[in-house]
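Survey of secondary and tertiary structure
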Amino acid sequence: MGRAIAVAAAVLAVVTGCTVQAPEGDGKRRSPVHIEIPDGTPSPARTPDGDGDGGPGTAPAPPGDDRPRAAPRVLWSRGDTGRDVRELQARLRQVAWLFDGPTGTYDGPTEKAVSGFQGKRGLPRTGRTDTVTWQRLLGMTHEPGKWDLYLMGGQPADPPDPRCATGRVLCVDKTSRTLRWMIDGRTVSTMAVRFGSQYTPTREGVFSVYWKSRDHVSTLYDSPMPYAMFFSGGQAVHYSADFAARGYAGASHGCVNVRDEAAIAGLYAQVRNGDKVVVSR
């Protein structure tokens, strides 16, 4: 009878899952529950926000390996400039951590955006872009195109059209989206410009400035056109607040938009009626 009761108790224990683990080889009992104690450096596969971005990160050390881990290498930090910084900024825009630029300069807003991105994913909030941060961002974004990198201007100008080689010329290049102000073959200034959409394209060819209007307002679209220099019907070179705010995310109704108000104010003061305008692709 006693043996039957013992057997039944053992069966009941198995069925209900209340088993007792045998001691380990050192004679100490181990908890049946595996508890992970954070060490201050979360695994890249387990981020606090659970967004599952899955960046490569740094692999955790094997159990029992107490060797110090090498700090990730810093790629870019505040004050750095160049094309790589533009790409960083363009990718931060894709994940809504940066709204200005890209400018190509690692400035305060960029540092703040990187710090926020790092903190959201359990990485140290340094504000510097190291290899771990960069790999995580790469895994969440796509390769930016040319006009993502130069969304707000700053792109280099292509060589000027041969028709711009003589005289006083507003030399407009649709391919590089730039305007050169040239006098006798010499470039005086260069600025980023925007054109009309496919439905209201900017006309190409050789024209001349026939009218200047400092505080012009479009009678067709009821929109401001400051520093307007008309060269073909209702099409003009002028300042655009929309271009300054949205960059190449928008388009004009056929005019040549300039986003740098100081630059076009200086240009407007120099250009005369009768000066040549060349719009080429």
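Okay, so let's go over this structure.

Analysis parameters
- Residues numbered from 1 in each chain as written.
- Predicted model: local features only at pLDDT ≥ 70, side-chain atom pairs only at ≥ 80, totals over all residues.
- Heavy atoms only, no water.
- Buried < 20%, exposed > 50% of the residue type's maximum accessible area, 1.4 Å probe, protein only.
- Helix = DSSP H or I, 4+ residues; strand = E, 2+ residues; numbered from the N terminus.
- Polar contact = N/O pair within 3.5 Å; in protein donor to acceptor, adjacent residues only side chain to side chain.
- Phe/Tyr/Trp six-rings, centres within 6.5 Å; stacked < 30°, edge-to-face > 60°.
- Pairing = 2+ DSSP bridges.

Glancing now at helix 4 (residues 131-140). When helix 4 is considered as a whole, its buried residues turn out to be Val-132, Thr-133, Trp-134, Arg-136 and Leu-137. Regarding helix 4, its N-cap is Asp-130, as a side-chain oxygen of that residue lies 3.1 Å from the backbone nitrogen of Val-132 further along.

Further remarks concern the packing of aromatic side chains. Scanning the model with the defined rule gives seven aromatic pairs in all. Ring geometry for Tyr-227 against Tyr-268: centres 5.7 Å apart, planes inclined by 70°, an arrangement best described as edge-to-face. Of the two residues, Tyr-227 is situated in strand 8 (residues 224-232) and Tyr-268 in helix 7 (residues 261-270); the sequence distance between them amounts to 41 residues. The burial state of Tyr-227 is the same as that of Tyr-268; both residues are buried.

Burial along strand 6 (residues 205-208) is one-sided: the residues Gly-205 and Phe-207 are buried and none of Val-206 and Ser-208 is. Inspection of the sheet shows strand 6 paired to strand 11 (residues 276-280) by four bridges, in the antiparallel sense. From the neighbouring strand, Phe-207 faces strand 11, where its bridge partner is Val-277.

The next thing to look at is the environment of Lys-146. One can find Lys-146 in helix 5 (residues 146-149). Distance in space between the C-alpha atoms of Lys-146 and Glu-87 is 9.7 Å, their sequence separation being 59 residues.

Just geometry here; none of it tells us what the structure is for.
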